[in-house]
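Each chain, written out:
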Number of protein chains: 2
Amino acid sequence: MSPKKAATGPVLPGAVWLRKRPPRRGQHGLTRERIASEVVAQLDRAGLDGLNLRAVAAALDVHPTTLYWHVAVRDDLLDLAVDAVFAELPLPDRPAEDWVDGIRTFMHDLRMALLAHSWSGALASSRPLLGPEALARSEFVYAALARAGFTGDELAAAAAAVTNLVIGSVAAEASWQDGDELTARRAVQEHLQANAHIYPAMAELSFETSAWAAQFAHSAEFLLAGLAEKARH
Amino acid sequence: MSPKKAATGPVLPGAVWLRKRPPRRGQHGLTRERIASEVVAQLDRAGLDGLNLRAVAAALDVHPTTLYWHVAVRDDLLDLAVDAVFAELPLPDRPAEDWVDGIRTFMHDLRMALLAHSWSGALASSRPLLGPEALARSEFVYAALARAGFTGDELAAAAAAVTNLVIGSVAAEASWQDGDELTARRAVQEHLQANAHIYPAMAELSFETSAWAAQFAHSAEFLLAGLAEKARH
DNA sequence: ACCTGAACACCGTTCAAGT
DNA sequence: ACCTGAACACCGTTCAAGT
């Protein structure tokens, strides 16, 4: 009957946030916050595959199994880490005068926060974002789009489109930067040009300058233009 | 000097496709295709976390370590599986009369193919898609958008926006369906309403009917509207 | 309520050896 | 060229016991 067993049914992703959190700090002062920031640090250093419970515990100066008092499964650590990344996202307390500007800024800020932790895009795209920091950012997006005139299903869809485009773009971008990006790009380009008869349109493009930021900016403008048009009815 | 060591530098994601593939089939008739479809089958059954090399090998009736002749690392298996999913995506041989219709159909088809294998969205979002089947679909998108009038950076950005929005949306959707979705939704809604003072806009929405398909359709239309407007200059 | 310690089952990967 | 077999290092998780 420990807290970690309190969740009903199977462990579902994001479930850390729906369980009651242990409020008091133990004899080592171990809190979710301390655990989260250590996990972030190790993910930054070792990447998603490099993370391991024993190293996290060692850095926190506790026994590996101690962590199981604070989380139910390893994946919970990832949820804590992702929410910590969202906390880095600046959240304006006043809405922007022009809602399009507000959403645009949010999209670029979100991209930067996720890119600062290369593992976070992959996680944000594949796990429900239910932490308090992530929810606060969602609330901001909902509020901005509601002010733009969206309601009901369209409001939910517009908000989803905004976050899914950003997170999807960042995840794709980060997936290239895991290895040696330049070598990878050259290999792909060679491959495309060697098979130009199969991929004529793609072979024409030059990936020489991988201008990720500019490409993302264009992507964002495409969506913003569509949202603006629909908001006008 | 085995083939798996042929790649220069560190193992980068998607690298299976850039290495020369062993052309002939061995005494067990083990090919990349057979391995790929077995991996897909096991992922469908056990999920991403449930996949293990030993089980794959057993099902193929070979020794676990035999797989290392055909791939360099476990992740290569995932790349093979993702490309196999892309192969299920119907690819029209004639372009649509209206390019918007063509892209719209592609987006919905891609969503369906990825949703049919719940693990594939997470993988597609976090690994470069360099397999032949995935590239062929990208080529289709590039060609359609080029016909719409996009060129250079804007063409690349438009294509990226289309695939990233779809993959990002599917990954998010699938992340909810890993566990008991209904229970999860209810818990989240309770949580939002209990904290309605923090999340006023979100608390208002009813997540009763989780109409994923309708929401995705709206998201797609937002992007398509923006693309159409930009294409008109 | 929070942490320790021992122990278990599992799994990706290497490497030398076979045919 | 392709496959086997033994072996290694590692790692998430459990459970009973401590304070």
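From a predicted model like this one, the values you see are computed outputs, not experimental measurements.

Some points on the nonpolar core
(1) Moving on: Residues Met107(A), Phe150(A) and Met107(B) are the most contacted members of the largest nonpolar core, which totals 149 residues.
(2) Moving on: Among residues more than four places away in sequence, those in contact with Met107(A) are Val162(A), Leu165(A), Val166(A), Phe216(A), Ala220(A), Leu223(A) and Leu224(A).

Topic: the packing of aromatic side chains
(1) Moving on: The full count for this structure, using the stated rule, is six aromatic pairs over all chains.
(2) Moving on: Here the aromatic rings of Phe150(A) and Phe222(B) are separated by 5.6 Å at their centres, their planes lie at 75°, and the arrangement is edge-to-face. Of this pair, Phe150(A) sits in the loop between helix H7 (132-148) and helix H8 (152-177) while Phe222(B) sits in helix H11 (residues 212-231), on two different chains. Comparing Phe150(A) with Phe222(B) shows no difference in burial state: the two are buried.

Looking at the side chain of Gln42(A)
Residue and element names in this part refer to chain A.
(1) Moving on: Along the chain, the position of Gln42 falls in helix H1 (residues 32-50).
(2) Moving on: For Gln42, the side chain forms a polar contact with the main-chain oxygen of Ala55, separated by 3.1 Å.
(3) Moving on: Each residue touching Gln42, except ones within four places of it in the same chain, is listed here: Gly47, Leu51, Ala55, Val56 and Ala59.

Quick word on the relation of the copies chain B and chain A
(1) Moving on: Placing chain B over chain A gives an RMSD of 0.0 Å and needs a rotation angle of 180°, together with 0.0 Å of translation along the axis. With respect to symmetry, the two chain copies, as superposed, fit the operation of a two-fold axis. Every residue of chain B has its C-alpha some distance from the rotation axis, and the shortest such distance is that of Gly226(B), at 1.8 Å.
(2) Moving on: Both copies present the same face, since 98% of the interface residues in chain B are matched by interface residues at the equivalent positions in chain A.

A short note on the UniProt feature "domain: HTH tetR-type" (unreviewed entry) in chain A
(1) Moving on: Residues annotated by UniProt as "domain: HTH tetR-type" (unreviewed entry) correspond here to residues 29-89 of chain A.
(2) Moving on: Annotated as residues 29-89 of chain A, this span is 72% helix and 0% strand, and its ends, taken at the C-alpha atoms, are 27 Å apart.

Focus: the pattern of salt bridges
All names here are of chain A.
(1) Moving on: With the rule as written, the count across this model stands at 14 salt bridges over all chains.
(2) Moving on: Taking the shortest distance from any N to any O, the salt bridge between Asp101 and Arg104 comes out at 2.9 Å. Separated by three residues within a single helix, Asp101 and Arg104 lie in helix H5 (residues 99-115), roughly one turn from each other.
(3) Moving on: What you see here is one network of salt bridges that share partners, running through Asp75, Asp79 and Arg127.

Details of the packing of helix H5 (residues 99-115) of chain B against H11(B)
All names here are of chain B.
(1) Moving on: At their nearest, the axes of H5 and H11 sit 10 Å apart, and the two run at 150° to each other. In this view, H5 runs roughly antiparallel relative to H11, as classed from their interaxial angle. Remark: the crossing between H5 and H11 carries right-handed chirality. In contact with Trp99, Val100, Ile103, Arg104, Met107, His108 and Arg111 of H5, H11 contributes Trp212, Ala213, Phe216, Ala217, Ala220, Glu221, Leu223, Leu224, Leu227, Ala228 and Ala231.
(2) Moving on: Looking at the contact of H5 with H11 residue by residue, the class counts come to 14 nonpolar, one polar and three charged.

Side note on the interface of chain B and chain A
(1) Moving on: On the side of chain A, 65 residues touch chain B, which itself brings 66 residues to the contact.
(2) Moving on: If you sort the residues of chain B by the area they bury against chain A, Glu139(B), Met202(B) and Phe222(B) come out on top, with a joint share of 13%.
(3) Moving on: Viewed at the interface, chain A and chain B are joined by zero salt bridges.
(4) Moving on: Per element, the largest residue contribution to the side of chain B that touches chain A is 17 residues, and it comes from helix H8 (residues 152-176) of chain B.

Some points on the UniProt feature "DNA-binding region" (unreviewed entry) in chain A
(1) Moving on: Sequence positions flagged by UniProt for "DNA-binding region" (unreviewed entry) are, in local numbering, residues 52-71 of chain A.
(2) Moving on: For residues 52-71 of chain A, the end-to-end C-alpha separation is 14 Å, with 55% helix and 0% strand making up the annotated structure.

Regarding the side chain of Asp79(B)
(1) Moving on: Structurally, Asp79(B) is set in helix H4 (residues 74-87).
(2) Moving on: Beyond its immediate stretch of four places on either side in the chain, Asp79(B) contacts Pro13(B), Gly14(B), Ala15(B), Val16(B), Trp17(B) and Arg127(B).

What about H11(B)?
(1) Moving on: Taking 1.5 Å as the rise per residue, H11(B) with 20 residues should run 28 Å; its terminal C-alpha atoms sit 28 Å apart, in good agreement.
(2) Moving on: Taken residue by residue, H11(B) has Trp212(B), Phe216(B), Ser219(B), Ala220(B), Phe222(B), Leu223(B), Leu224(B), Ala225(B), Gly226(B), Leu227(B) and Ala228(B) as its buried positions.
(3) Moving on: Where H11(B) is buried, its residues meet H8 and helix H11 (212-231) of chain A together with H5, H8 and helix H9 (181-194) of chain B.
(4) Moving on: Of the residues one or two after H11(B), His233(B) is the one with positive phi, at around 65°.

Overview of H8(B)
(1) Moving on: Compared with the 36 Å implied by 1.5 Å per residue over 25 residues, the 37 Å span of H8(B) between its first and last C-alpha is a close match.
(2) Moving on: Counted residue by residue, H8(B) has 22 buried out of 25 residues, so it is predominantly covered.

Remarks on the environment of Asp83(A)
Residues and elements named next belong to chain A.
(1) Moving on: In this structure, Asp83 sits in helix H4 (residues 74-87).
(2) Moving on: Residue classification places Asp83 among the buried positions, given a relative accessible area of 6%.
(3) Moving on: For the pair Asp83 and Ala225, spaced 142 residues apart in sequence, the C-alpha to C-alpha distance is 29 Å.
(4) Moving on: A distance of 3.1 Å separates the side chain of Asp83 from the backbone nitrogen of Glu133, its partner in a polar contact.
(5) Moving on: There is a polar contact of 2.9 Å between the side chain of Asp83 and the backbone nitrogen of Ala134.

Overview of unusual backbone geometry
Negative phi characterises most residues that are not glycine, and trans characterises most peptide bonds.
All names here are of chain A.
(1) Moving on: Although it is not a glycine, Asp61 sits at a positive phi angle of roughly 65°.
(2) Moving on: Note that Asp61 resides in the loop between helix H2 (53-59) and helix H3 (67-70).
(3) Moving on: Among the residues examined, Asp61 registers a relative accessible area of 61% and is labelled exposed.

Things to note about the confidence of the model for chain A
(1) Moving on: Scored by pLDDT, chain A comes out at a mean of 90, with 90% of its residues at no less than 70.
(2) Moving on: Segment residues 1-9 of chain A: pLDDT under 50, and seven contacts once partners within four positions in sequence are set aside and those in other chains are kept.

Concerning the environment of Pro132(A)
(1) Moving on: You can see Pro132(A) is positioned in helix H7.
(2) Moving on: In this structure the C-alpha to C-alpha distance between Pro132(A) and Trp17(A), which are 115 residues apart in sequence, comes to 8.0 Å.
(3) Moving on: The residues touching Pro132(A), leaving out its near neighbours within four places in the chain, are Trp17(A), Asp83(A) and Tyr199(B).

Cut-offs applied
- All chains use their own residue numbering, which begins from 1 and follows the written sequence.
- Chains and ligands are labelled sequentially in the order written, the chains with letters from A and the ligands with numbers from 1.
- In keeping with the predicted nature of the model, local features appear solely for residues at pLDDT of at least 70, side-chain atom pairs appear and are counted solely at 80 or more, and the whole-chain, interface and lining totals rest on all residues.
- As a rule here, side-chain values cover all heavy atoms of the structure and leave hydrogens and water aside.
- Definition of nonpolar core: a set of buried residues of the types Ala, Val, Leu, Ile, Met, Phe, Trp, Tyr and Cys, connected through side-chain atoms within 4.5 Å.
- For every residue, the accessible area (1.4 Å probe, protein chains only) is compared with the maximum for its type, and the residue is labelled buried under 20%, exposed over 50%, or partly exposed between those bounds.
- Residue contacts are counted whenever heavy atoms from the two residues lie within 4.5 Å of one another.
- Each Phe, Tyr or Trp ring, with Trp reduced to its six-membered ring, pairs with another whose centre is within 6.5 Å; inter-plane angles below 30 degrees give stacked pairs, above 60 give edge-to-face pairs, and intermediate values give tilted ones.
- Here a strand is any run of E in DSSP of at least two residues, a helix any run of H or I of at least four, and the numbering for each starts at the N terminus.
- Two N or O atoms count as a polar contact when they lie within 3.5 Å, although within protein this holds only if one can serve as hydrogen donor and the other as acceptor, and sequence-adjacent residues are included solely when both atoms are side-chain atoms.
- Alignment of copies: least-squares fit on C-alpha atoms of residues with pLDDT of at least 70 in both copies.
- UniProt positions are given in the numbering used here, feature names are shortened, and annotations may be inferred rather than shown by experiment.
- Definition used for salt bridges: Asp or Glu carboxyl oxygen within 4 Å of a side-chain nitrogen of Lys or Arg.
- Inter-axis angles, ranging from 0 to 180 degrees, are taken between N-to-C directions of lines fitted to C-alpha atoms, where helices are fitted over the stretch in contact.
- Roughly parallel refers to an angle under 35 degrees, roughly antiparallel to one over 145, roughly perpendicular to one between 65 and 115, and oblique to any angle outside these ranges.
- Left-handed describes a crossing whose near helix is turned anticlockwise from the far helix by less than a right angle; the clockwise case is right-handed.
- In this count, Pro and Cys sit with the nonpolar residues alongside Ala, Val, Leu, Ile, Met, Phe, Trp and Tyr, while Asp, Glu, Lys and Arg are called charged and the others, Gly among them, polar.
- Take the accessible area each of two parts loses on contact, using a 1.4 Å probe, and add the two losses: that sum is the buried area.
- In a helix, the anticipated span is given by 1.5 Å times the number of residues less one.
- Confidence scores here are pLDDT values: one per residue, from the predictor, ranging 0 to 100.

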